[in-house]
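What follows is each chain in one-letter form.
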Amino acid sequence: MTRPTHDAAVERQFSPQAHAYLTSAVHAQGADLLQMADIARAHPDARVLDLGCGGGHVSFHVAPHVAHVTAYDLSQSMLDVVAAEAAKRGLTQLETCRGKAEHLPFADGAFDLVMSRYSAHHWEDPGLGLREAWRVLKPGGTAVFADIASPGQALLDTWLQTIEVLRDTSHVRDYSQAEWLTLLADAGFVVQSFTPRRLALEFESWVTRMRTPAPLVQALRDMLAIAPAPVRQHFDIQPDGSFASDSLTLVAVKPA
């Protein structure tokens, strides 16, 4: 019997719904994407790594402003969707590459910019993933990481991680701002800025996009229905189960 692995869980969760992530409004828009595009616009000759590209929205936003983008992901199905959409958009400077965040098949200093959005919470070893991002970034280069963030309080953190893993079994952890700052510093980055935001999530599309099994959807509904007052208030839980999560965008540099 084949031993299950985290990589297999990621493939199982994301490959069948690759197109759903391309068309997802949550993933296709947002102030964090505009921030990334603005950073890319200031580096027209840059080579960019979109680390854990998913449906490719970071790549699509930054590619028109830079010399080259590598969209990198563990799911080949995701990469196939990204490549097809890039061809439709005429983004000839965009290529795809498959692999894990913790093991990047690129030379030291290969990229001027590394960008990653809604990916790090799936990484089996975030410290190693960030060290790899640091390694492939040129000295003086900029990295941008955007993800759902834990509020950092024990009660709120427990509820967030629980609903995340019920919805998506490949989920590892949403990190708090303090955890992010520690992880980035340990990897060698110097953080320039961090921008907290809120992300509204409509329950039905949130679980449909991930094809969450019906028993787990019911468990999510039950959990959200009995959430204690501090949880209901912080996550703005609505009668239909919709809620809002914290997100965080961090801009860091690799010292020259």
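Keep in mind the model is a prediction, meaning the values are calculated, not measured.

Engineer: Quick one: what's the story with the packing of aromatic side chains, residue by residue and with numbers?
Structural biologist: All told, the structure shown has seven aromatic pairs when counted by the stated rule. Judged by centre distance (5.5 Å) and plane angle (65°), the ring pair of tyrosine 72 and phenylalanine 106 falls under edge-to-face. Of the two residues, tyrosine 72 sits in strand 2 (residues 68–73) while phenylalanine 106 sits in the loop between strand 3 (94–98) and strand 4 (111–117), which places them 34 residues apart along the sequence. The pair tyrosine 72 / phenylalanine 106 is uniform in exposure class, with both members buried. Look at phenylalanine 203 and tryptophan 206: their rings are 6.0 Å apart centre to centre, the planes differ by 55°, and that puts the pair in the tilted class. Linking phenylalanine 203 with tryptophan 206, this pair stays in helix 10 (residues 203–210), spanning three residues, or about one helical turn. For the residue pair phenylalanine 203 and tryptophan 206, the accessibility class agrees, reading buried in each case. Through pairs of rings, three or more aromatic residues link up here, namely Phe145, Tyr175, Trp180 and Phe189. Positioned over the ring face of phenylalanine 60 is arginine 89, at 4.3 Å from the centre of the ring.

Engineer: Provide a residue-level description of the nonpolar core, including the pertinent values.
Structural biologist: In this structure, Leu49, Leu51, Val114, Leu130, Phe145, Trp180 and Phe189 are the most contacted members of the largest nonpolar core, which totals 26 residues. When residues of this core are traced back to their parent elements, those giving at least two are strand 1 (47–51), strand 4, helix 7 (126–136), strand 5 (137–149), helix 9 (177–187) and strand 7 (243–253).

Engineer: Help me get a handle on the environment of proline 151, residues and values and all.
Structural biologist: Mapped onto the secondary structure, proline 151 falls in the loop between strand 5 and helix 8 (154–167). Overall, proline 151 belongs to the partly exposed group, its relative accessible area being 23%. Between the alpha carbons of proline 151 and aspartate 174 there is a distance of 9.2 Å; along the sequence they are 23 residues apart. Filtering out sequence-adjacent residues up to four positions away, proline 151 remains in contact with Leu156, Leu160, His234, Phe235 and Asp246.

Engineer: For helix 9, give the residues involved together with the corresponding values.
Structural biologist: Along helix 9, the residues that are buried comprise Trp180, Leu183, Leu184 and Ala187. In a view along the axis of helix 9, the buried residues occupy a sector of 95°, so they form one face of it. Helix 9 presents Ala178 and Asp186 as exposed residues on the side facing more than 90 degrees away from its buried surface. A positive backbone phi angle near 110° is found at glycine 188, which sits one or two residues after helix 9.

Engineer: Account for the pattern of salt bridges, with residues named and values stated.
Structural biologist: In total, this model carries 11 salt bridges according to the counting rule given. Of the charged contacts, one joins arginine 117 and aspartate 32 as a salt bridge, the two residues approaching to 2.8 Å between their closest N and O atoms. Of the two residues, arginine 117 sits in strand 4 while aspartate 32 sits in helix 4 (residues 31–41), which places them 85 residues apart along the sequence. For arginine 117, a relative accessible area of 7% corresponds to the buried category. Ionic pairing is found between glutamate 179 and arginine 173, a salt bridge with its closest N-O pair at 3.3 Å. On the accessibility criterion, glutamate 179 (27% relative accessible area) is partly exposed. Of the residues examined, arginine 173 reaches a relative accessible area of 22% and is grouped as partly exposed.

Engineer: Go over helix 7, please, and point to the residues and values.
Structural biologist: The set of residues buried in helix 7 consists of Pro126, Gly127, Gly129, Leu130, Glu132, Ala133 and Val136. Buried residues belonging to helix 7 abut strand 1, strand 4, strand 5 and helix 9.

Engineer: Explain the packing of helix 7 against helix 9 residue by residue, including any values.
Structural biologist: Closest axis-to-axis distance for the helix 7/helix 9 pair is 8 Å, and the angle between their directions is 50°. In this view, helix 7 runs oblique relative to helix 9, as classed from their interaxial angle. The hand of the helix 7/helix 9 crossing is right-handed. Judged by residue contacts, Pro126, Gly127, Leu130, Arg131 and Trp134 of helix 7 engage Trp180, Leu183, Leu184 and Ala187 from helix 9. Of the residues belonging to the contact of helix 7 with helix 9, the class tally is seven nonpolar, one polar and one charged.

The rules we used
- Residues numbered from 1 in each chain as written.
- Predicted model: local features only at pLDDT ≥ 70, side-chain atom pairs only at ≥ 80, totals over all residues.
- Heavy atoms only, no water.
- Phe/Tyr/Trp six-rings, centres within 6.5 Å; stacked < 30°, edge-to-face > 60°.
- Helix = DSSP H or I, 4+ residues; strand = E, 2+ residues; numbered from the N terminus.
- Buried < 20%, exposed > 50% of the residue type's maximum accessible area, 1.4 Å probe, protein only.
- Lys NZ or Arg CZ within 6 Å of the ring centre and 35° of its normal.
- Core = buried A, V, L, I, M, F, W, Y, C linked by side-chain atoms within 4.5 Å.
- Contact = heavy atoms within 4.5 Å.
- Arc of directions from axis to C-beta.
- Salt bridge = Lys/Arg side-chain N within 4 Å of Asp/Glu carboxyl O.
- Axes fitted to C-alpha atoms, helices over the stretch in contact; angles between N-to-C directions.
- Parallel < 35°, antiparallel > 145°, perpendicular 65-115°, else oblique.
- Left-handed = near helix turned anticlockwise from the far one by under 90°.
- Nonpolar A, V, L, I, M, F, W, Y, C, P; charged D, E, K, R; others polar.

Everything listed here is a matter of geometry and, on its own, says nothing about what the molecule does.
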